[in-house]
Amino acid sequence: MLLELTGIKKSFKNGTRYENILEDLDFKVSKGDSIAIKGKSGCGKSTLLNILGGLISFEKGDMLFNGTNISNHNANEWAEYRKKNIAFVTQAFNLLDDRNVFDNIALPLQYSNMPKQQIKTKVEKVLHDLEIYHAMKRNVSTLSGGERQRVAIARAIVKEPSILLADEPTGSLDEETEKSILRIFDDLHDKGMTLIIVTHDDSVSSHCQHIYELQHKKLNYVNS
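Residues numbered from 1 in each chain as written. Predicted model: local features only at pLDDT ≥ 70, side-chain atom pairs only at ≥ 80, totals over all residues. Heavy atoms only, no water.

Colleague: Explanation requested: the packing of helix α3 (residues 101-111) against helix α4 (residues 116-129) in the structure shown.
Modeller: Any two packed helices are characterised by how steeply their axes cross, that is the angle between the axes, and by the distance between the axes. Where α3 contacts α4, the axes come no closer than 10 Å and their chain directions differ by 125°. On the basis of their axis angle, the class for α3 and α4 is oblique. When you trace α3 past α4, the crossing you get is right-handed. When α3 is examined against α4, the residues Val101, Phe102, Ile105, Ala106, Leu109 and Gln110 are found in contact with a partner set consisting of Ile119, Lys120, Lys122, Val123, Val126 and Leu127. Considering only residue class, the contact of α3 with α4 consists of 9 nonpolar, 1 polar and 2 charged. (Axes fitted to C-alpha atoms, helices over the stretch in contact; angles between N-to-C directions. Helix = DSSP H or I, 4+ residues; strand = E, 2+ residues; numbered from the N terminus. Parallel < 35°, antiparallel > 145°, perpendicular 65-115°, else oblique. Left-handed = near helix turned anticlockwise from the far one by under 90°. Contact = heavy atoms within 4.5 Å. Nonpolar A, V, L, I, M, F, W, Y, C, P; charged D, E, K, R; others polar.)

Colleague: I'm lost on the sheet that holds strand β4 (residues 60-65) in this one. Help?
Modeller: One key point about sheets: their strands pair by backbone hydrogen bonds, in either a parallel or an antiparallel sense. On the basis of which strands lie adjacent, the open sheet formed by 4 strands has the order β2-β1-β4-β5 and antiparallel pairing. Edge positions in the sheet fall to β2 (17-29) and β5 (68-69), since each has one partner strand and no second. Sheet topology note: the strand β1 (residues 3-14)/β4 ladder contains 5 bridges and is antiparallel. Bridging across to β4, glutamate 4 finds its partner in leucine 64. Across the sheet, helix α1 (residues 45-52) touches β1, β2 and β4, and the angle it forms with β1 is around 125°. (Pairing = 2+ DSSP bridges.)

Colleague: It is not clear to me how the layout of surface pockets should be interpreted in this structure. Could you clarify?
Modeller: Over the atoms, a rolled probe matching the size of one water molecule traces out where space is still vacant. Reported here for the largest pocket is a volume of approximately 640 Å³. If you go around the largest pocket, you meet 26 residues; those closest to its centre are Ile86, Ala87, Pro108, Tyr111 and Lys159. Of all elements in the fold, only α2 (75-85), β6 (86-90), α3 and α5 (145-157) reach the threshold of two or more residues within the lining of the largest pocket. If you add up the space inside the second largest pocket, you get close to 500 Å³. Lining the second largest pocket are 21 residues, with Ile157, Glu160, Leu188, Lys191 and Met193 positioned closest to its centre. When contributions to the lining of the second largest pocket are tallied by element, the ones reaching two or more residues are α4, α5 and α6 (175-190). Residue contributions to the lining of the second largest pocket peak at 4 residues, all from α4. Classifying every residue of the lining of the second largest pocket by side-chain character gives 9 nonpolar, 3 polar and 9 charged. (1 Å grid on protein atoms, 1.4 Å probe; cavity = no way out; pocket = protein on both sides within 12 Å on 5 of 7 lines; lining within 4 Å. Points joined across faces, edges and corners; volume = space filled by probe spheres on them.)

Colleague: Explain α6 here, please?
Modeller: What sets the pattern is the α-helix's 3.6 residues per turn: residues three or four places apart point alike. Compared with an ideal rise of 1.5 Å per residue, which puts 16 residues at 22 Å, α6 spans 22 Å between its outermost C-alpha atoms and is within 8% of the ideal. Of all the residues in α6, the buried ones are Thr177, Glu178, Ser180, Ile181, Leu182, Ile184, Phe185, Leu188 and His189. Against the buried residues of α6 lie β3 (34-38), α5, β7 (163-167), β8 (194-198) and α7 (202-205). Between a side-chain oxygen at the N-terminus of α6 and the backbone nitrogen of glutamate 176 the separation is 3.1 Å; the capping residue is aspartate 174. (Expected span 1.5 Å × (residues − 1). Buried < 20%, exposed > 50% of the residue type's maximum accessible area, 1.4 Å probe, protein only. Polar contact = N/O pair within 3.5 Å; in protein donor to acceptor, adjacent residues only side chain to side chain.)

Colleague: It is not clear to me how the pairing of β8 should be interpreted in this structure. Could you clarify?
Modeller: A regular strand places its side chains so that they alternate between the two faces of the sheet. Across the 5 residues of β8, 5 count as buried, placing the element largely inside the fold. Where burial is concerned, the two faces of β8 agree: the one with Thr194, Ile196 and Val198 and the one with Leu195 and Ile197 are both buried. Relative to β8, β3 runs parallel, the two sharing 4 bridges. Across the sheet, the residue bridging to isoleucine 35 is isoleucine 196, located in β8. Sheet topology places β7 next to β8; 5 bridges connect them, and they run parallel. For leucine 164, the partnering residue across the bridge sits in β8 and is leucine 195. On the question of chirality, the crossover connecting β7 to the parallel β8 by way of α6 is right-handed. (Right-handed = clockwise from strand over helix to strand, strands pointing away.)

Here's what the structure looks like:
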């Protein structure tokens with residue numbers, strides 16, 4: 001099992017009291033899975049994604065990665081977990097508008113102190129794969145929404161993560177652009193990448209092997 005959550009509880013302070021968002025939640029992810037997580041707004045989907053990505057802690061339960069319990073990681077260990085294994089794609093893209101496409105994609109490789117020539121080779125390959133090589137030197141602020149999302153996906157996958165976490169990745173895109181982005185996700189899954197996608201869109205979830213719904217603070221398996 002690549003990733004396993006058991007009995008997870010997560011709460012946030014609401015005024016003077018704490019409100020449980022996730023409670024006694026179980027979730028298993030095998031290598032190569034393609035998973036959609038659906039649910040009403042505010043039900044905790046993004047919170048769950050942030051737990052899986054090691055961005056936020058939880059009060060109770062266990063989280064295992066490749067069979068090792070990582071629940072009690074300290075801040076540095078969580079940072080290393082994210083750096084080596086996790087990549088994020090969001091609706092907001094989260095690109096650096098003052099840099100060009102190449103520099104945005106190269107950023108995670110630069111953080112890992114990879115040699116410049118190796119960075120160039122990896123970035124150019126992912127630019128080709130996602131059909132945005134022509135935009136390599138353009139500033140990201142000049143790109144369309146679909147192009148910006150392709151750059152965000154390229155930046156996420158260039159470091160070859162174990163898991164790609166996507167939070168409403170097509171939420172701000174038109175229908176045709178959404179289809180092109182979903183084809184990219186399909187291709188990534190076909191190549192063996194593990195995908196976990198939070199979405200409210202049936203057209204997005206239908207591309208996934210497994211569909212869960214977050215309801216009453218727990219995950220319910222819908223179908224495969």
